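Architecture and fold: a report
Each chain is listed here by its residues.
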Amino acid sequence: MRRYVPVSRQQLARALGGSSVVVKALSGAVVLLYALSFGLDTASGLAVTPGLLLPPGCRLWTLLTHGLVEQRAAAVALSLGTVAAAGRLLEPLWGALELLVFYAAVNAAVGLLGACAYCLAYAATFRLAYLFEVRIHGAPGFLAGVLVALKQTMGDSTVLRVPQVRVKAAPTLLLLLLAGLRLAALVESAVLVSYGFGLLSSWVYLRFYQRHSRGRGDMSDHFAFATFFPEILQPAVGLAANLVYGLLVKVRLCRKTVKRYDVGAPSSITISLPGTDPQDAERRRQLALKALNERLKRVEDQTAWPSMEDEEEEVVVKSGGPLPTESTAAGKAAGHESSLISFEDAPSQP
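Structural notes, computed from the coordinates.

**Quick word on helix H8 (residues 96-125)**
- With 30 residues, H8 extends 43 Å from end C-alpha to end C-alpha; this agrees with the ideal 44 Å at 1.5 Å per step.
- Within the span of H8, buried status applies to Glu 98, Leu 99, Phe 102, Tyr 103, Val 106, Asn 107, Val 110, Gly 111, Gly 114, Ala 115 and Tyr 118.
- Once H8 finishes, Phe 126 follows within two positions and takes phi at roughly 60°, a positive value.

**Quick notes on the nonpolar core**
- Core analysis: the largest hydrophobic core is formed by 51 residues, its most contacted members being Leu 90, Trp 94, Phe 102, Phe 142, Val 148 and Leu 206.
- Mapped onto this core, the elements with two or more residues apiece are helix H2 (21-36), helix H6 (73-89), H8, helix H10 (140-154) and helix H12 (189-209).
- In this structure, Trp 94 is in contact with Leu 99, Phe 102, Ala 149, Gln 152, Leu 206 and Gln 210, ignoring residues within four places of it in sequence.

**Description of the state of the cysteines**
- Scanning the entire structure with this criterion turns up zero disulfides.
- Of all cysteine sulfurs in the structure, the one in Cys 116 sits closest to Cys 119, which takes part in no disulfide; the separation is 6.3 Å.
- We classify Cys 119 as partly exposed; its relative accessible area is 25%.

**Points about the packing of aromatic side chains**
- Evaluated as defined, the whole model comprises 13 aromatic pairs.
- Arranged with centres 6.1 Å apart and planes meeting at 35°, the rings of Tyr 118 and Tyr 130 form a pair that is tilted. Here Tyr 118 is found in helix H8, whereas its partner Tyr 130 is found in helix H9 (residues 129-132), with twelve residues between them in sequence.
- Between the aromatic rings of Phe 208 and Tyr 209, the centroid separation amounts to 6.5 Å while the plane-to-plane angle is 65°, which identifies the pairing as edge-to-face.
- Look at Tyr 209 and you get partly exposed, because its relative accessible area is 34%.
- Taken together, the aromatic side chains of Trp 203, Phe 208, Tyr 209, Phe 225, Phe 228, Phe 229 and Tyr 245 make up a single cluster linked through ring pairs.
- Sitting above the plane of the Tyr 130 ring, Arg 127 keeps its charged end 5.1 Å from the centroid.

**Some words on the packing of H10 against helix H11 (residues 170-183)**
- Interhelical geometry of H10 versus H11 gives an angle of 150° and a closest axis separation of 9 Å. Between H10 and H11, the interaxial angle falls into the category roughly antiparallel. Only Ala 170, Pro 171 and Leu 174 of H11 make contact with H10, whose side of the interface consists of Leu 143, Leu 147 and Val 148.
- Its residues assigned to classes, the contact of H10 with H11 shows six nonpolar, no polar and no charged.

**Notes on empty space enclosed by the protein**
- Using the criterion set out here, one finds one cavity of 30 Å³ or more in the structure.
- Volume-wise, the largest cavity comes out at about 50 Å³.
- Considering the residues around the largest cavity, the lining is formed by Gly 67, Ser 79, Thr 82, Val 83, Tyr 103, Asn 107, Gly 138, Ala 139 and Phe 142.
- Of all the elements, H6 adds the most residues to the lining of the largest cavity, at three residues.
- Of the residues that constitute the lining of the largest cavity, the class distribution is four nonpolar, five polar and no charged.

Parameters and conventions
Residues numbered from 1 in each chain as written. Predicted model: local features only at pLDDT ≥ 70, side-chain atom pairs only at ≥ 80, totals over all residues. Heavy atoms only, no water. Helix = DSSP H or I, 4+ residues; strand = E, 2+ residues; numbered from the N terminus. Expected span 1.5 Å × (residues − 1). Buried < 20%, exposed > 50% of the residue type's maximum accessible area, 1.4 Å probe, protein only. Core = buried A, V, L, I, M, F, W, Y, C linked by side-chain atoms within 4.5 Å. Contact = heavy atoms within 4.5 Å. Disulfide = S-S within 2.5 Å. Phe/Tyr/Trp six-rings, centres within 6.5 Å; stacked < 30°, edge-to-face > 60°. Lys NZ or Arg CZ within 6 Å of the ring centre and 35° of its normal. Axes fitted to C-alpha atoms, helices over the stretch in contact; angles between N-to-C directions. Parallel < 35°, antiparallel > 145°, perpendicular 65-115°, else oblique. Nonpolar A, V, L, I, M, F, W, Y, C, P; charged D, E, K, R; others polar. 1 Å grid on protein atoms, 1.4 Å probe; cavity = no way out; pocket = protein on both sides within 12 Å on 5 of 7 lines; lining within 4 Å. Points joined across faces, edges and corners; volume = space filled by probe spheres on them.

As structure tokens, this is what we get:
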């Protein structure tokens, strides 16, 4: 395990070295607050405390600062790795400003929803520990957001080969892993709460609110909420999600899906049906081309038999002239016969 530490440090330093100012600033803030935590209680002033977030405490700034607070070296490494991965994989697609907006939106939603969840837990159990002893902080919320964004952009890529795990399954698998660790009392409840609300809030932001050149949000089929669940549960989850979505549209928290017709394609007419998106169509086209190339490669490996038509075409090309007519063919035949038969004068009779 120790031999991989220098390699990880080199990869992290390389990723941060070529990153933007946003990634460097976030990473530097995480390291600085971790260094200050040895002498100061940074979690009490910068992490989200459910009982102090709402009035009369009203510590609203903690919604933006809790993602930078770490108290363990392993958590610092996880936070730096998450920010570096976002800068390397997402920033080239979105830009530095959009990455910063995504970071702030996800962390703010995680802090607010997590505080509301612990307030509901206090209302059900009347345990003051849920209000004043819980600290929501760290990278789990943004880690969930990065995984959801990677599911959107490169969901078919492979994370592990044995066993085979694709990027699109990583958010759900990690959620189940954290739930199991929480049942075994190996992680705090705030870690599971942060990751769960980070997964939900990042999907809502990317699905409905993120601005890009095609408009706002991503309504493609491969990014529906039901795709986070196993296939056997997707129909039921999809039905419930559609009901919730219809309710949110009525209260104007979400916009209704608009049909898009793209007839400007140079080769053919492309129509985007409801629930589809040009990005989804491009993804399907790439998969189809990949499958076609694999089939063509297998066919080329087999023995190729020559074609009679190809041989005839080669003969015509090598001749370099048109086919002879009947008269010229007859003349050539006669000349060929005359070259074979010679006529000489008969010797005179004595």
